[in-house]
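Take a look at the letters that make up each chain.
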Amino acid sequence: MGVATKPERDGDAQRGDGLPDGLPFVGRRSELELLQHALREPPAVVMIEGEAGIGKSRLARQAVGALSEAGGRVLTGFCHPLREPFPFGPVSDALRETGRWLPPVDQIPPTAGALASLLPDLAHRLPPPPARPSDARAEKYQLVQAVRTLLEVVGPAVLLVEDLHWADDATRELLLLLARDLPKGLSLVLTYRAEDLPPHTPVLGSTYRRPATTSGAEIHLTPLAESDIQQLAEAALGRQATAALGQMLFERSAGLPLVVEEDLLTLSEQSRRSSLGAVRDFAAELQHAEVPRALREAVTERLAVLSPAGTAIAEAAAVLAVPAAEPLLVQVAGLDPEQGSAGLIEALHAAVLHEDAPGPSGFRYAFRHAQAQQVAYQHVPAPRRSQLHRRAMEVLEGQSPAPLVQIAHHALALGDETAWLHRAEAAADQAIALGDTGTAAALLHQILARPQLTGDLRARAALALARIAANRVDYTSSAAVLRRILSDPQLPATTRGEIRLTLGLLMVNHAGDQSGHRELEQAIEELAGRSERAARAMVAMAMYEQDGAGAQSEAWLDRADRAIRDSPDEGVRAAVGATRLTLLARDGNPAVWALLDRLPRQADDPEVLRQTARALYNVGELAIELGHDRRAAALLRESRELAQHAATAHIECFSRIALLRLDYLAGHWADLEERFAALGAEFADIAMASMEQTLVLARLVAARGQHAQALQQLEVAAEQGRKESHVTNFLRAAALITAIRLADGSPAGAWETAAPAMAELRMAAAWARATGLVPAAVEAALACGERADAVQLAEDAERGLRDLDAPAAAAELRLARGLLLLDADPAAAAEQFHDAQLRWQSIGRPYYCAQATEHRGRALLGIRPHDAAAQLSEAAAGYDRLGATSDAARCRHTLREFGLARPSPRGRRGYGDQLSPRELDVARLLAQGASNQDIARALFLSPRTVEHHVARTLKKLGVPREGVREVLVRVAPD
């Protein structure tokens, strides 16, 4: 296997490597300006892509070098194809350079302490390491946060990672998370070769799109022009660089800087060996020389001038394929120390090898780029090559700790499949123990790629790889790996069941994908001989309620109970118990509250604590649906804290998401978008984060009158909700869509959405968690003349809620009853709405309370106008406090329409340069990206009036439309 020594130099000539003054930077001015511009505006992500030798490293070094000379901080890490296990190796290498910039330890956030094991030389300058989580996913999040913290501490800085095509999966994952949420002062520069990425793999492992707050660029390098190459020749050879030579160099290289550099290195060496003052026709020599026009021949010529000792050192370096210290090179070459030292010096002078970055034992030496190493390796005769591989294995096995990845590489090169498998598995185990799952995964993939591999080793490798995949941060890539493992027809049934169980749980828990239940059902069959593991799948099946499956929940849970009847596994028992509590809460059974107190908050088995955290979260989240908001908040906070203690990152994330939803319900709308965005960036792979964000923020957007935007988001949410294990999110999305279509004057469209959603509600018997659907569906049915359906809906809901502890659904039922009474008995309808208003007040949901108040006011318009005006004014004030601009405007529009608006006692007030209340409403909608049409709909104004208000608002603020958001915080804070 070829290896880049530092990495490939990409045409970047090094001073002292044969060229007297180095090569100038040519032909990349526009790319350099683009890169430098991005680095001047952090946070930034810049990706530099191009083939081997095109000049990626030189471009990156040119930009960051100028930055470094100006006092900027630059951290550099390199990826290699043959690296010994070390977590996040390239990034860890780069972070070792932070020592000179670290502040006193008391000024470094505690989270950075998790890096102490990765940066032992800096451990004394970092905070004490926190407790290591037992959960691999939580540990990964801990390390990612520590890396981010340290980079933030030493920033502003540039993190340059070279040759990302050779990165392991864990490093890609870390860089992906960093790129999604960069510290403010950090710029990330990545170089890579697209053609050398793993098949169907984006450079960061998953599709990456720069956030709106992050600058950057994607730079694709193309070959140099002939004029650029002429400049390089003149810099290297002075007056001997004729136009003919420049043309010949261009033809030989096809514009590839690396090939030009090699030719110029060879010509410079020949020039120094020529008689002083002799004039050489280099163009003719290149054209007629026996050396063909390629890099291979340029390297071969330099190898040919080496003495036997120099050749032995070069051959040893080619076979070792990684940067190596002098003693190792000498031992593998089979030379005595004096001969080896002389051979190494000669190889350095001939520019065959160069000094690489120092290692633990001093300087290391290697070829200047991967292509040169590959050429040298191919020149080693086969018998000599085998001899060197055997000697390398012997020497490396004597080291402590033994570099198992390299030893496995040499075994494979010798064709010893048995020895390679043994050492590759040992290397993977070593990597896992060190936390370097990226290296381990690469080795396990190689092991499983052997078609003749059977028995326990295949099963062990598959299970180890599945565990690594399940704990990756990115769901999509994890699922892809697990499916690829399952496609192996040679896996034993129980191994296949274990892996399928992992895949099913990943699909259900992290992606909200109900098709994961098909995987779980199949896993139950494959795990017939492993009752505890089969019970895990049965527990997950009990949580599935789409398409009427909820009717089987108790049966699945009873089956799980029977499977573990004689099992000593406390963790699986806790899982079954947590699920029973979840089902009680899901059904609105009041018995659940007393049972929660019996859950263990301390246990020797961490799985028991994880299941307690799961139960607390599940019941807390369901308590929101039921309308027990205060009880939900307490449960979710406890769940979040216990999940942190038990290192269960996804439960911690779920709890924090649900607490954000409670903030919305309690009327704490300020910065809600930003808080959801931050949580989504932190847990980008968890589908629930984006689902909850969509459902909550769509409600906020609708309250501001931006109905088209809200509907677009909700249609996606409804489709995704159809795929989840539970029906709740689908019902929530359908209820919101129905309400918005009714507000837009489209009752047919509203009923088209509500009718199938009600069918799903009936099938799931989820009356305790109807989440606004019943009153919306009743209103849609009435608007379409389907009164019988509306009455039936309310009656079904009342029967379904009998004896259930569901305050929110009870309040919604009062709204539905009021809507049914509105035409025949408005006074009775107003009483139902008042009852709903009081219930929402008791629960603590001001927006829903304002809605009930508005309904009450509308019911009283024809019978008690004075009371109606008071109720509508109260509702408008409640909407105003929340920032529900459109809802408040609707109430005031109704007051004006019925002649109930109070005139100002002093006449119309002049506001001068200050924003009037109406203009302030316009400004807030502009800041949220509303169009003039959105503003007209939200404020119940004509388009012409809106144009007038927008023009006056922008004039008073003194900014263009896109600048309103920034200035509004200062001019008119909420």
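So, how was this worked out
- Residues numbered from 1 in each chain as written.
- Predicted model: local features only at pLDDT ≥ 70, side-chain atom pairs only at ≥ 80, totals over all residues.
- Heavy atoms only, no water.
- Helix = DSSP H or I, 4+ residues; strand = E, 2+ residues; numbered from the N terminus.
- Buried < 20%, exposed > 50% of the residue type's maximum accessible area, 1.4 Å probe, protein only.
- Areas by Shrake-Rupley, 256 points an atom, 1.4 Å probe, with all protein chains shown as cover.
- Salt bridge = Lys/Arg side-chain N within 4 Å of Asp/Glu carboxyl O.
- Expected span 1.5 Å × (residues − 1).
- Pairing = 2+ DSSP bridges.
- Axes fitted to C-alpha atoms, helices over the stretch in contact; angles between N-to-C directions.
- Contact = heavy atoms within 4.5 Å.
- Core = buried A, V, L, I, M, F, W, Y, C linked by side-chain atoms within 4.5 Å.
- Phe/Tyr/Trp six-rings, centres within 6.5 Å; stacked < 30°, edge-to-face > 60°.
- Lys NZ or Arg CZ within 6 Å of the ring centre and 35° of its normal.
- Parallel < 35°, antiparallel > 145°, perpendicular 65-115°, else oblique.
- Left-handed = near helix turned anticlockwise from the far one by under 90°.
- Nonpolar A, V, L, I, M, F, W, Y, C, P; charged D, E, K, R; others polar.
- pLDDT = per-residue confidence, 0-100.

A. The overall build of the protein, seen in detail. Along its length, the protein carries 45 helices and eight strands. Of all 974 residues assigned to the protein, the portion counted as buried reaches 57%. On the protein, roughly 40,800 Å² of surface is accessible, and the fraction owed to carbon and sulfur atoms is 51%.

B. Representation of the pattern of salt bridges in the model. Here the structure, examined in full by the defined rule, presents 40 salt bridges. As a salt-bridge pair, Arg384 and Glu315 come within 2.9 Å of each other at their nearest N and O atoms. One end of the pair, Arg384, is in helix α15 (residues 382–397); the other, Glu315, is in helix α11 (residues 308–320), with 69 residues separating them in the sequence. In this structure, Arg384 and Glu315 share a single accessibility class: buried. Across the salt bridge formed by Arg722 and Glu760, the nearest N and O atoms sit 2.8 Å from each other. Here Arg722 is found in the loop between α32 (707–721) and α33 (728–743), whereas its partner Glu760 is found in helix α34 (residues 747–764), with 38 residues between them in sequence. The partly exposed category is assigned to Arg722, whose relative accessible area is 30%. Overall, the relative accessible area of 4% leaves Glu760 in the buried class.

C. Summary view of helix α4 (residues 136–154). Compared with the 27 Å implied by 1.5 Å per residue over 19 residues, the 27 Å span of α4 between its first and last C-alpha is a close match. Among the 19 residues that make up α4, 14 are buried, leaving the element largely enclosed by the rest of the structure.

D. Examining the sheet that holds strand β5 (residues 215–220) more closely. Read from one edge to the other, the open sheet built from five strands follows the order β2-β3-β4-β1-β5, with strand pairing classed as parallel. Of all the strands in the sheet, just β2 (73–78) and β5 have a single pairing partner and so form its edges. Adjacent strand axes in the sheet meet at a mean angle of 10°, parallel and antiparallel pairs treated alike. As paired strands, strand β1 (residues 44–49) and strand β4 (residues 186–192) are joined by six bridges and run parallel to one another. Looking across to β4, one finds that Val46 is bridged to Val189. Helix-sheet contacts for helix α1 (residues 29–39) involve β1, β3 (157–162), β4 and β5, and the interaxial angle to β5 is about 160°. Here helix α2 (residues 56–69) sits on the sheet and contacts β1, β2, β3, β4 and β5; the angle it forms with β3, its principal contact strand, is near 160°.

E. Main features of the nonpolar core. Judged by nonpolar contacts, the single largest core of 118 residues is most densely connected at Tyr664, Leu761, Val774 and Trp840. What Trp840 contacts, discounting residues up to four positions off in sequence, is Ala808, Ala811, Glu812, Leu815, Arg845, Tyr848, Cys849 and Ala852. Core analysis: the second largest hydrophobic core is formed by 77 residues, Ile313, Ala376, Leu453 and Ala469 among them.

F. The arrangement of the packing of aromatic side chains in detail. Inspection of the entire model under this criterion finds six aromatic pairs. Relative to Tyr847, the ring of Trp669 lies with its centre 5.6 Å away and its plane at 45°, an arrangement referred to as tilted. Separated by 178 residues along the polypeptide, Trp669 in the loop between α29 (649–665) and α30 (672–682) and Tyr847 in helix α39 (residues 846–860) bring together distant segments of the chain. A relative accessible area of 4% places Tyr847 in the buried class. Ring geometry for Tyr847 versus Tyr848: centroids 6.2 Å apart, planes at 85°, classification edge-to-face. Here the two residues Tyr847 and Tyr848 agree in accessibility, since each one is buried. Put simply, the rings of Tyr664, Trp669, Trp840, Tyr847, Tyr848 and Tyr879 pair up and form one aromatic cluster. Across from the ring centre of Trp593, 4.3 Å away, lies the NZ or CZ of Arg631, which sits over that ring.

G. How the structure looks around the environment of Leu926. Along the chain, Leu926 falls in helix α42 (residues 917–927). We classify Leu926 as buried; its relative accessible area is 5%. Sequence-wise, Leu926 and Thr953 are 27 residues apart; in three dimensions their C-alpha atoms are separated by 9.6 Å.

H. Representation of the packing of α33 against α34 within the structure. Two elements in contact, α33 and α34, have axes separated by 8 Å at closest approach and are oriented at 160°. When the axis of α33 is compared with that of α34, the two are roughly antiparallel. Crossing of α33 over α34 shows left-handed handedness. For the pair formed by α33 and α34, the contact residues are Phe730, Leu731, Ala734, Ile737, Thr738, Arg741 and Leu742 on the first element and Pro747, Gly749, Ala750, Thr753, Ala754, Ala757, Glu760 and Leu761 on the second. Among the residues forming the contact of α33 with α34, the class breakdown is 10 nonpolar, three polar and two charged.

I. Layout of the side chain of Arg661. With respect to the element layout, Arg661 can be found in helix α29. The contact partners of Arg661, leaving out residues within four places of it in the chain, are Glu621, Ile624, Glu625, Phe676, Glu692, Val696 and Arg732.

J. The arrangement of helix α6 (residues 226–237) in detail. Its 12 residues give α6 an end-to-end C-alpha distance of 16 Å, which sits within 8% of 16 Å, the value for a rise of 1.5 Å per residue. Buried residues of α6: Asp228, Ile229, Gln230, Leu232, Ala233, Ala236 and Leu237, and no others. Just downstream of α6 lies Gly238, where phi reads positive at about 60°.

K. Up close: the confidence of the model for the protein. Model confidence for the protein is summarised by a mean pLDDT of 84, while 89% of its residues fall at 70 or above. Counting contacts from residues 969–974, a segment whose pLDDT is below 50, to residues more than four positions away or on other chains yields five contacts.

L. Region of the structure containing the pairing of β5. Burial along β5 is one-sided: Ser215, Ala217 and Ile219 are buried, while Gly216, Glu218 and His220, pointing the other way, are not. Bridge count between β1 and β5: six bridges; the pairing is parallel. Within β5, the position partnered with Ala44 by the bridge is Ser215.

M. Broad picture of unusual backbone geometry. For the peptide bond that leads from Pro42 to Pro43, omega is 0°, which places it in the cis range. Examined against the element boundaries, Pro43 turns out to sit in the loop between α1 and β1. Residue Ser400 is joined to Pro401 through a cis peptide bond whose omega torsion reads -5°. Within the secondary structure, Pro401 is located in the loop between α15 and α16 (404–413). Phi at Thr771 takes a positive value of approximately 50°, unusual for a residue other than glycine. By secondary structure assignment, the location of Thr771 is in the loop between α34 and α35 (773–783). The class of Thr771 is buried, set by a relative accessible area of 16%.

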